[in-house]
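# Observations on chain architecture
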Amino acid sequence: MQEATGSPPKLILIGTGSEIGLLPEARKRLEADGIPTRIVSMPSTNVFDRQDARYRDAVLLPGVLRLAVEAGVSDFWRKYVGLEGGVVGIDRFGESAPAADLFKFFGFTVDNVVATAKGLLPA
């Protein structure tokens, strides 16, 4: 976990695996725009789910907007981000290319993570 700088987070970015690499730069940009942002690495949702509610709430603060970034089906992440949160995910199949090209094609870029995160926040 990487905590928001200076004040409680207004946003939590959740990542797993290779997608987590996008989040530090996204956090840096969001914080530069005045949006305190926490990063949560969740490599195993099964392990996270087995923790007690107090721990889960301490990590994924209730009432704080969340954005999950996962190169997988986005519906799975609604459990963690809620209806107000967002997911940068993949909901279709059939593309073939080098991984870097596919990540860009499907929106796994810092620019897209930042834009999606900002879109969740009230104007």
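Keep in mind that what you see is a predicted model, and the values were worked out from it rather than measured.

Attention now moves to the packing of aromatic side chains. Within this structure, the stated rule accounts for five aromatic pairs. Plain terms: the ring middles of F48 and Y55 are 6.3 Å apart, the flat faces sit at 55° to each other, and that makes the pair tilted. In this structure Y55 comes out as partly exposed when scored by relative accessible area, which is 43%. Relative to Y80, the ring of W77 lies with its centre 5.4 Å away and its plane at 50°, an arrangement referred to as tilted. The exposure class assigned to Y80 is buried, which follows from its relative accessible area of 3%.

Topologically, R56 is positioned in helix α3 (residues 53-59). Assessed through its relative accessible area of 27%, R56 is described here as partly exposed. With 24 residues separating them along the chain, R56 and Y80 place their C-alpha atoms 9.9 Å apart. Excluding anything up to four places from it in sequence, R56 contacts F48, D49 and Q51. A polar contact is formed between the side chain of R56 and the backbone oxygen of D49, at a distance of 3.5 Å.

Applying the stated criterion across every chain yields a total of six salt bridges. Across the pair R29 and E25 runs a salt bridge, and its minimum N-O distance is 3.3 Å. With a gap of four residues between them, R29 and E25 both fall in helix α1 (residues 23-32), about one helical turn apart. Residues K79 and D49 are paired through a salt bridge, measuring 2.7 Å at the closest nitrogen-oxygen approach. Of this pair, K79 sits in helix α4 (residues 78-81) while D49 sits in helix α2 (residues 45-49), and the two are 30 residues apart along the sequence. Residue classification places K79 among the exposed residues on the basis of a relative accessible area of 55%.

We now examine α1. What α1 keeps buried is the set L23, A26, R27 and L30. Buried residues along α1 cover an arc of 100° about the axis, so they all sit on one side. What points out from α1, more than 90 degrees from its buried face, is the exposed set K28 and A32. Residues of α1 that are buried in the fold lie against β1 (11-15), β2 (37-41), β3 (65-69) and α6 (110-120).

For the rest of this paragraph, the subject is the packing of α1 against α6. Orientation of α1 relative to α6, taken along the N-to-C sense of each, is 50°, at an axis distance of 9 Å. Between α1 and α6, the angle is such that the two are oblique. When you trace α1 past α6, the crossing you get is right-handed. Between α1 and α6, the residues in contact are L23, E25, A26, R29 and L30 and V110, D111, V113, V114, A117 and K118, respectively. A class-by-class count of the residues in the contact of α1 with α6 yields seven nonpolar, no polar and four charged.

Definitions and limits used
- Residues numbered from 1 in each chain as written.
- Predicted model: local features only at pLDDT ≥ 70, side-chain atom pairs only at ≥ 80, totals over all residues.
- Heavy atoms only, no water.
- Phe/Tyr/Trp six-rings, centres within 6.5 Å; stacked < 30°, edge-to-face > 60°.
- Buried < 20%, exposed > 50% of the residue type's maximum accessible area, 1.4 Å probe, protein only.
- Helix = DSSP H or I, 4+ residues; strand = E, 2+ residues; numbered from the N terminus.
- Contact = heavy atoms within 4.5 Å.
- Polar contact = N/O pair within 3.5 Å; in protein donor to acceptor, adjacent residues only side chain to side chain.
- Salt bridge = Lys/Arg side-chain N within 4 Å of Asp/Glu carboxyl O.
- Arc of directions from axis to C-beta.
- Axes fitted to C-alpha atoms, helices over the stretch in contact; angles between N-to-C directions.
- Parallel < 35°, antiparallel > 145°, perpendicular 65-115°, else oblique.
- Left-handed = near helix turned anticlockwise from the far one by under 90°.
- Nonpolar A, V, L, I, M, F, W, Y, C, P; charged D, E, K, R; others polar.

On their own, these measurements won't tell you what the molecule is for.
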